[in-house]
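A look at the structure
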Amino acid sequence: GAKGDQGAPCGSEGTAGGSGCAPGNRDRRRGNGLRLAPAQLFLFHPPQQFTLCLLSAVFPWFGLDIGGTLVKLVYFEPKDITAEEEEEEVENLKSIRKYLTSNVAYGSTGIRDVHLELRELTLCGRKGNLHFIRFPTHDMPAFIQMGSEKHFSSLHTTLCATGGGAYKFEQDFRTMGDLELCKLDELDCLVKGVLYIDSVGFNGRSECYYFENPTDAERCQKLPFNLENPYPLLLVNIGSGVSILAVYSKDNYKRVTGTSLGGGTFFGLCCLLTGCSTFEEALEMASHGDSTKVDKLVRDIYGGDYERFGLPGWAVASSFGNMMSKEKRDSVSKEDLARATLITITNNIGSIARMCALNENINRVVFVGNFLRINTISMRLLAYALDYWSKGQLKALFLEHEVKFLFKICLMAKYKS
């Protein structure tokens, strides 16, 4: 989202249904960033058209995904700065780079996920590292204020952003931060991001992986999966809610369906049921709970398997069904309630994903989104459930990184559709 002499990159008008950038009618860049040769960028916007944009790429390079629960920020740290560039570099730019790369926490809620850093990546002819930072969406006003205090608008007039918050907070960026947002549709970014991140890999390792023997704690293995020929695939994005896309080629994809029961539901219900205050705390509680004390299973109704229809006794017949009994309500712990909430949400997502895959005749399902961050319980359950209920026809795949906001930075890398 850097602004050079050509103005802000332009797609369609900034409507909710497509990508677009606010007109670059004010040249407000008052400092001198590091300037590169113009890069050719292709911005996707419906109906499956591409607009060629020229951008004089000026550091710093950022991408934002402003979701309903979390804001995800990706920052490219150049590692090949020449002595001449360093001498010309303005203090604001040095200050921002030092602040972002020398800390792993920002205030009380901002976190840089050091383990996700992509090292020695080449973007637009420059070599550097990609850093991944997250913070709660409710702290967005503080983030914008920090950018204002660090005079970010002296380096940029425009930031690339995706997610619903790119629309919700657009006026705040303009009035508080003196910045315009170049908005791209989040589902477009989701698909492009998946394809890009798999192509560059994860520091020599595979970005995509799957679980073998997911229900066996001793034999379970996380194994690499090659997405070199990815089509068709079902893409399940689990954020606050869930969107499911069928991807037939890099240019041909559609949103099949979704559900409002996603990561935000899990966290919200856990806050009500257990009194937890963070997503991490909710997952930690769930890891120590027993959902079978809360859920009514097939065996609780039939005394065993329901053999006629192939339903095993361990299958959940009614989520939270045991909570109709006061005696059982009195015997469950907060950890049990957290575990049951996680299993309920995960089972629902897996069931919908399986039906979509069958309807679209797709056998590979890629699950992404911050609900799965540090959430091994749900990933292993999804892996097992898709394999079991499809009799081995469906494979659940996962990615190491959140991908939507990564595509913002990938524009700098001449990612061509």
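Read on for a plain summary of the structure. (Residues numbered from 1 in each chain as written. Predicted model: local features only at pLDDT ≥ 70, side-chain atom pairs only at ≥ 80, totals over all residues. Heavy atoms only, no water.)

Some points on unusual backbone geometry
Short version of the rule: Every helix listed is a DSSP run of H or I at least four residues long, and every strand listed is a run of E at least two residues long, numbered separately from the N terminus.
In this chain, Y231 is followed by P232 through a cis amide linkage whose omega measures -10°. You will see that N203, though not glycine, has its phi angle at about 55°, which is positive. Along the chain, N203 falls in the loop between α6 (186–200) and β12 (208–212). A positive phi angle, near 55°, is found at K391, a position not held by glycine. By the element assignment, K391 lies in the loop between α12 (376–389) and β20 (395–399).

Section: empty space enclosed by the protein
Our working definition: Cavities and pockets are defined on a 1 Å grid built over the protein atoms alone: a cavity is a set of grid points where a 1.4 Å probe fits but cannot escape, while a pocket is an open set with protein on both sides within 12 Å along at least five of seven lines, and lining residues are those with an atom within 4 Å of any such point. Grid points are joined across faces, edges and corners, and a volume is the space filled by probe spheres set on the points. Three classes are used, and their members are as follows: Ala, Val, Leu, Ile, Met, Phe, Trp, Tyr, Cys and Pro are nonpolar, Asp, Glu, Lys and Arg are charged, and the others, Gly among them, are polar.
For the coordinates displayed, the defined rule picks out 3 cavities of 30 Å³ or more. By volume, the largest cavity amounts to about 200 Å³. Those elements that provide at least two residues to the lining of the largest cavity are β4 (61–66), α2 (91–101) and α3 (140–149). Residues that form the lining of the largest cavity fall into these classes: 13 nonpolar, 2 polar and 1 charged.

Thoughts on the packing of aromatic side chains
Aromatic ring pairs are defined here through the distance separating the ring centres and the angle between the ring planes. Formally: Aromatic pairing here means that ring centres of Phe, Tyr or Trp (its six-membered ring) are within 6.5 Å. Orientation follows from the plane angle: under 30 degrees is stacked, over 60 is edge-to-face, and everything else is tilted. Note on criteria: charge over ring means Lys NZ or Arg CZ within 6 Å of the ring centre, with the direction from the centre no more than 35 degrees off the ring normal.
The tally for this structure, following the rule as stated, stands at 21 aromatic pairs. Aromatic side chains W314 and Y384 sit 6.0 Å apart centroid to centroid with 55° between the ring planes, which places their arrangement in the tilted category. Linking W314 in the loop between α9 (298–302) and β18 (316–318) with Y384 in helix α12, this pair joins segments that are 70 residues apart in sequence. Connected via pairs of aromatic rings, a cluster forms that spans Y209, F211, F367 and F398. One residue, K222, lies across the ring of Y209, its end atom 4.3 Å from the ring centre. One Lys or Arg, K395, reaches over the ring of Y210 and ends 4.0 Å from the middle of that ring.

Describing the environment of I374
The condition is simple: The buried label goes to any residue with under 20% of its type's maximum accessible area, the exposed label to any with over 50%, and the partly exposed label to all in between, with areas taken from a 1.4 Å probe on protein chains only. Whether two residues are in contact is decided by their heavy atoms: any pair within 4.5 Å suffices.
Within the secondary structure layout, I374 lies in the loop between β19 (364–368) and α12. Judged by relative accessible area, I374 falls into the exposed class, the value being 52%. Spatially, the C-alpha atoms of I374 and L283 are 8.4 Å apart, while their sequence positions differ by 91 residues. When neighbours within four sequence positions are excluded, I374 is seen to be in contact with E280 and L283.

A word on the pairing of strand β11 (residues 180–183)
Strand residues, when the strand is regular, have side chains that alternate between the two faces of the sheet. Using the following cut-off: Strands pair, by our definition, only if DSSP identifies at least two bridges between them.
Neither face of β11 is left uncovered, since the one carrying E180 and C182 and the one carrying L181 and K183 both have all their residues buried. Pairing geometry for strand β10 (residues 158–162) and β11, over 4 bridges, is parallel. When the sheet's bridge partners are listed, T158 is paired in β11 with E180.

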